[in-house]
Amino acid sequence: MRGGDRQIDRYNRLSEHLKRRYGARVHRLVIDAGFTCPNRQKDGPCIFCDPTGSGFNTLHGLSIREQVLKQKEWASKKYGATKFIAYFQAFTNTYAPIDTLRERYSQALVDESIVQLAVSTRPDCVPEEVLVLLDEFKTRVDVSLELGLQTINSKTLRILNRGHGVAEFVDAVLRAKEHGFEIVVHVIVDLPWDELEDVVDTAKTLSYLNVDGVKIHSLYVVEESPLGNMFREGKFQPVSLESFLDRIVAFLEHLSPSIVIHRLISDPPKVGTLFARWGLSKSQLLNMIEAELERRNTFQGAKFKPARGGQVNPA
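Residues numbered from 1 in each chain as written. Predicted model: local features only at pLDDT ≥ 70, side-chain atom pairs only at ≥ 80, totals over all residues. Heavy atoms only, no water.

### Some words on the packing of aromatic side chains
In plain terms, the rule: Each pair of aromatic rings taken from Phe, Tyr and Trp, with Trp reduced to its six-membered ring, is defined by centres within 6.5 Å and is described as stacked if the planes are under 30 degrees apart, edge-to-face if over 60, and tilted in the remaining cases. For every residue, the accessible area obtained with a 1.4 Å probe (protein chains only) is divided by the maximum for its type, and the residue is called buried under 20%, exposed over 50%, and partly exposed between those limits. Secondary structure counts use DSSP, requiring at least four H or I residues in a row for a helix and at least two E residues in a row for a strand, with both numbered from the N terminus.
What the rule picks out here adds up to 8 aromatic pairs. Here the aromatic rings of Trp 74 and Tyr 79 are separated by 5.4 Å at their centres, their planes lie at 85°, and the arrangement is edge-to-face. Judged by relative accessible area, Trp 74 falls into the partly exposed class, the value being 45%. Their ring planes at 40° and their centres at 4.9 Å tell us that Phe 244 and Trp 278 sit as a pair that is tilted. Taken as a pair, Phe 244 in helix α9 (residues 241-253) and Trp 278 in the loop between β11 (273-275) and α10 (282-295) lie far apart in primary sequence, 34 residues in all. Since its relative accessible area comes to 0%, Phe 244 is described here as buried. In this structure an aromatic cluster arises from ring pairing among Trp 193, Phe 231, Phe 236, Phe 244, Phe 275 and Trp 278.

### Digging into the nonpolar core
Let me state the cut-off plainly: In this text, buried Ala, Val, Leu, Ile, Met, Phe, Trp, Tyr and Cys residues form a nonpolar core when linked through side-chain atoms within 4.5 Å. Residues count as neighbours in contact if any of their non-hydrogen atoms are within 4.5 Å of one another.
Ranked by size, the top nonpolar core spans 65 residues in total, and within it Leu 206, Ile 216 and Phe 251 carry the most contacts. With 6 residues, the top contributor of residues to this core is α9. Dropping the residues within four chain positions of it, Ile 216 is found in contact with Val 187, Val 189, Ile 248, Phe 251, Leu 252, Ile 261, Arg 263, Leu 264 and Ile 265. Among the nonpolar cores identified, the runner-up in size contains 13 residues, and Phe 48, Leu 160, Ile 188 and Phe 275 belong to it.

### Things to note about unusual backbone geometry
Located in the positive-phi region is Gln 150, a residue other than glycine, with phi close to 85°. In this fold, Gln 150 is placed in strand β6 (residues 142-150). On the basis of relative accessible area, Gln 150 is assigned to the buried category, the value being 7%. Positive phi, normally seen in glycine, also occurs at Asn 210, with a value near 60°. Tracing the chain through its elements places Asn 210 in the loop between α7 (196-208) and β8 (213-217).

### Regarding the pairing of strand β4 (residues 83-88)
Put simply, the rule is: The rule for pairing is simple: two strands pair if DSSP sees at least two bridges between them. For the handedness criterion, the strands are oriented away from the viewer, and a crossover whose path from the first strand over the helix to the second runs clockwise is classed as right-handed.
In terms of burial, β4 is a largely internal element, 5 of the 6 residues being buried. In this structure, strand β3 (residues 26-31) lies alongside β4, joined through 6 bridges in parallel fashion. By the bridge assignment, Val 26 is partnered in β4 with Lys 83. Where β4 meets strand β5 (residues 114-121), 5 bridges bridge the pair, whose relative direction is parallel. By the bridge assignment for β5, Phe 88 is matched with Val 119. Between the parallel pair β4 and β5, the chain is carried across by helix α3 (residues 98-108), and the sense of this crossover is right-handed.

### Topic: the sheet that holds strand β10 (residues 260-263)
The line we're drawing: Fitting a line to C-alpha atoms yields each axis, with helices limited to the stretch in contact; the angle taken between N-to-C directions then spans 0 to 180 degrees.
An order of β3-β4-β5-β6-β7-β8-β10 is seen for the 7 strands of this open sheet, with the pairing classed as parallel. Taken across any chain shown, the strands that pair with only one partner, and hence form the sheet edges, are β3 and β10. Averaged over all pairs of adjacent strands, the angle between strand axes in this sheet comes to 25°, irrespective of strand direction. Examined bridge by bridge, β5 and β6 share 6 bridges and lie parallel to one another. Across the sheet, Gln 116 pairs through a bridge with Asp 142, a residue of β6. Along the sheet, α3 makes contact with β3, β4 and β5, crossing β4 at roughly 155°.

Worth remembering: the numbers are spatial, not functional.
Have a look at this one:
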């Protein structure tokens, strides 16, 4: 899609959204705060989860403050970033006593260059007292809550051993929005137990809930995970690259254009990965997605229809 000589994006990119919002280059600082996950203490982890709780890019062994300061220095030199998001990434970052959460969140706010506190968690780990705690930080920084959903298909959620259903997710979103937090949702569009219609239904549900952002993940398989065992034993096969492209295009087409796309594909661990991105590099797969959008002459929201009587927030 072009306007004059200027390329117009076919989806609502996070980088552009942050530049408009903060007026500068913003970089995300990933933090491992030493939390765990309730699933791991009960029936085992989600089948795709690696031993670090998706925190393989964090600086293990350092204090929260040290993690933030080291990453700030690196991102400033490499990217020229001047503003930062303190992103609590690994495991379930609301699964601890309130005083512990308050202390660890506070450690990340090292100076005024931290403009946002982003907390990643599970939909069933957002009690009201956590939301009240996060309210305390709104006077200092913007606050966003990242919720792992993956799919709207309840049967697939059970296969993934998520430990929660769709109802818990909807409840968490609605209660968090009452507090005015930005809501970002994680989804995996190429789950082999889902069909294309499940991907479309997920996009529609997120749109009708009026979430603020989406992180789209491509499924990858790591060695030390239940999914890794299933992969080695031939109990499932990843969907084809062609099917993935169909699904991600359909997801974007049915997603409200106001929702910010935080990512389109996954960044798997560099070591111990059995399957990821069909053997393609991140840039190769991103280029294929964008080429497919252009080939079909389509874009985010092309097939989105607001709920009856509903409104779409501006991007």
